[in-house]
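# Examination of the molecular architecture
Residue-level listing of the chains:
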Amino acid sequence: MPWTSLKHALLFNAACSTLLGATLLLAPDGLASLMGEFSPLILMALGAALLIFAADVAFVATRPFISPGLAKMITVADLAWVVATPMVMMLAASWLSFWGHLVLLDVALLVGICALFQWRGLRAQPLKEQQRTVRGAAQSQPGGRS
C-alpha cells in the first residue's frame, strides 16, 4: 500500500513545507497582492517559520529510528494548521481576496494530506517494529539464520 512509510510521509511534508516557505520568502509582494490586502511581511514571517518547520521535519525523518512521539507532534501540528485555516479565513475575510481564500484552502488540503500520510505511517510503524523484533530474535537463537 502506498504512503504507509512514515519516513516517506515526513519527507513529503518537509519537501512541501520547504517549497511553500521558499515561495513565501522569495515572492511575498506578488503573493500578498494576489491574496488580498495585507502586509507581505506576514507572508515572509510565515515563510521563515515554514522553513524552520521543514528542517525539523526533515531531521526527524532522516534519523535511523524515527521517534513516534516527534512524528505524532508533527502530525498534530499539521492537524492544527488544518483546523486553524477556516478560523483565519473568517477572521481575515475582509483582507482576503477570492484567490487568497482559494490559496488558504489549497494549502490546508495539502497539509491535511501530509497529516493523513503521516498518521498511516505511524499506524504501520508498530507492525514493522514488531516484525523486525521477531526476525532479530529468530536470528539470535541457536539454529536461527545468520
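Because the structure is predicted, anything quoted here is derived from the model rather than measured.

### Comments concerning the nonpolar core
One finds Leu6, Leu10, Ala14, Val57, Val60, Ala61, Ile66, Ala71, Ile74 and Leu122 forming the largest nonpolar core, which totals ten residues. Every element with two or more residues in this core is listed here: helix H1 (6–26), helix H3 (40–61) and helix H4 (68–91). Residues contacting Ala14, with those up to four places away along its chain left out, are Ala54, Val57 and Ala58. Judged by nonpolar contacts, the second largest core, of five residues, contains Leu31, Ala32, Leu43 and Leu50.

### A look at the packing of H1 against H4
Following both chains from N to C, one finds H1 and H4 inclined at 45°, their axes separated by 12 Å at the closest point. On the basis of their axis angle, the class for H1 and H4 is oblique. For the pair H1 and H4, the crossing hand works out as left-handed. For the pair H1 and H4, contact is made by Leu6, Leu10 and Asn13 and by Ala71, Ile74 and Asp78, respectively. Looking at side-chain class alone, the contact of H1 with H4 contains four nonpolar, one polar and one charged residues.

### Things to note about the packing of aromatic side chains
Using the criterion set out here, one finds two aromatic pairs in the structure. Where Phe98 meets Trp99, the ring centres are 5.1 Å apart and the plane angle is 75°; that geometry is what we call edge-to-face. Of note, Arg63 hangs over the ring of Phe59, and the distance from its end group to the ring centre comes to 4.0 Å.

### With respect to the environment of Ala80
Within the secondary structure, Ala80 is located in helix H4. Counting along the chain gives 28 residues from Ala80 to Ala108, while the straight-line C-alpha distance between them is 10.0 Å.

### Digging into H1
Given a rise of 1.5 Å per residue, 21 residues ought to cover 30 Å, and the 30 Å separating the end C-alpha atoms of H1 matches this to within 8%. Among the residues of H1, Leu6, Ala9, Leu10, Asn13, Ala14, Cys16, Ser17, Gly21 and Leu24 are the ones counted as buried.

Parameters and conventions
- Residues numbered from 1 in each chain as written.
- Predicted model: local features only at pLDDT ≥ 70, side-chain atom pairs only at ≥ 80, totals over all residues.
- Heavy atoms only, no water.
- Core = buried A, V, L, I, M, F, W, Y, C linked by side-chain atoms within 4.5 Å.
- Buried < 20%, exposed > 50% of the residue type's maximum accessible area, 1.4 Å probe, protein only.
- Helix = DSSP H or I, 4+ residues; strand = E, 2+ residues; numbered from the N terminus.
- Contact = heavy atoms within 4.5 Å.
- Axes fitted to C-alpha atoms, helices over the stretch in contact; angles between N-to-C directions.
- Parallel < 35°, antiparallel > 145°, perpendicular 65-115°, else oblique.
- Left-handed = near helix turned anticlockwise from the far one by under 90°.
- Nonpolar A, V, L, I, M, F, W, Y, C, P; charged D, E, K, R; others polar.
- Phe/Tyr/Trp six-rings, centres within 6.5 Å; stacked < 30°, edge-to-face > 60°.
- Lys NZ or Arg CZ within 6 Å of the ring centre and 35° of its normal.
- Expected span 1.5 Å × (residues − 1).

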